[in-house]
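As a plain string of letters, each chain reads:
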Amino acid sequence: MPHVCTCPVCCDIFQEPVVLFCGHSFCKSCLQEWWRQSRLHSCPVCKKIFPVGEPPRNLALRNLSDALRQERSQRANSKDISLPVPASGRGCSD
Ligand SMILES: [Zn+2]
Ligand SMILES: [Zn+2]
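In this text the structure is predicted, and so the values were computed from the model without any measurement.

## Structural notes on the overall build of the protein chain
Across its full length, the protein chain holds 2 helices and 2 strands. Going through the 94 residues of the protein chain one by one, you find that 15% of them count as buried. Look at the contacts in the protein chain between residues 6 or more apart in sequence, and 44% of them connect residues 24 or more apart.

## What about the confidence of the model for the protein chain?
When pLDDT is averaged along the protein chain, the result is 83; 77% of the residues meet or exceed 70. Of all helices and strands in the protein chain, the one with the weakest mean pLDDT is helix α2 (residues 59-78) (90), whereas strand β2 (residues 25-27) scores best (94).

## Quick notes on unusual backbone geometry
The residue C11 is not glycine, and still its phi comes out positive at about 55 degrees. In this fold, C11 is placed in the segment before β1 (17-19). Since 8 C-beta atoms lie within 10 Å of it, C11 is described here as exposed. Phi angles above zero are rare outside glycine, and R39 is one such case at about 60 degrees.

## Considering the nonpolar core
The biggest cluster of nonpolar side chains holds 8 residues, and these are C7, I13, F14, V18, F26, C27, C30 and L31. Mapped onto this core, the elements with two or more residues apiece are β2 and α1 (28-38).

## With respect to the environment of N58
Secondary-structure assignment places N58 in the loop between α1 and α2. N58 sits 38 residues away from L20 along the chain, and the two C-alpha atoms are 9.2 Å apart. Excluding its chain neighbours within four sequence positions, the residues that come into contact with N58 are P17, V18, V19 and S25.

What counts and what doesn't
- Residues numbered from 1 in each chain as written.
- Chains lettered and ligands numbered in written order.
- Predicted model: local features only at pLDDT ≥ 70, side-chain atom pairs only at ≥ 80, totals over all residues.
- Helix = DSSP H or I, 4+ residues; strand = E, 2+ residues; numbered from the N terminus.
- Buried ≥ 20, exposed ≤ 12 C-beta atoms within 10 Å, placed from the backbone.
- Contact = placed C-beta atoms within 7 Å.
- pLDDT = per-residue confidence, 0-100.
- Core = buried A, V, L, I, M, F, W, Y, C linked by C-beta atoms within 7 Å.

Here is the structure:
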């Protein structure tokens, strides 16, 4: 998966990506959550602080991310979805 299409905060495909002036992009919700927790409008990657309330949306990235997400969900539907197995292999030496 191209690294450029994943959010550095949630490590997943962008949802409603926004772009900061430093050039880094994040999901809108990830960025808002980050800002709320840090109480600073800073970039989660380079820690640059921005005096703005609402970062501009990244429409090009949104189109790309939507296409990727669609592709991924189609691939998931065509296969058996196996539930994640808890990593409790230790102590289970049968
Ligand atoms: Zn995210
Ligand atoms: Zn940045």
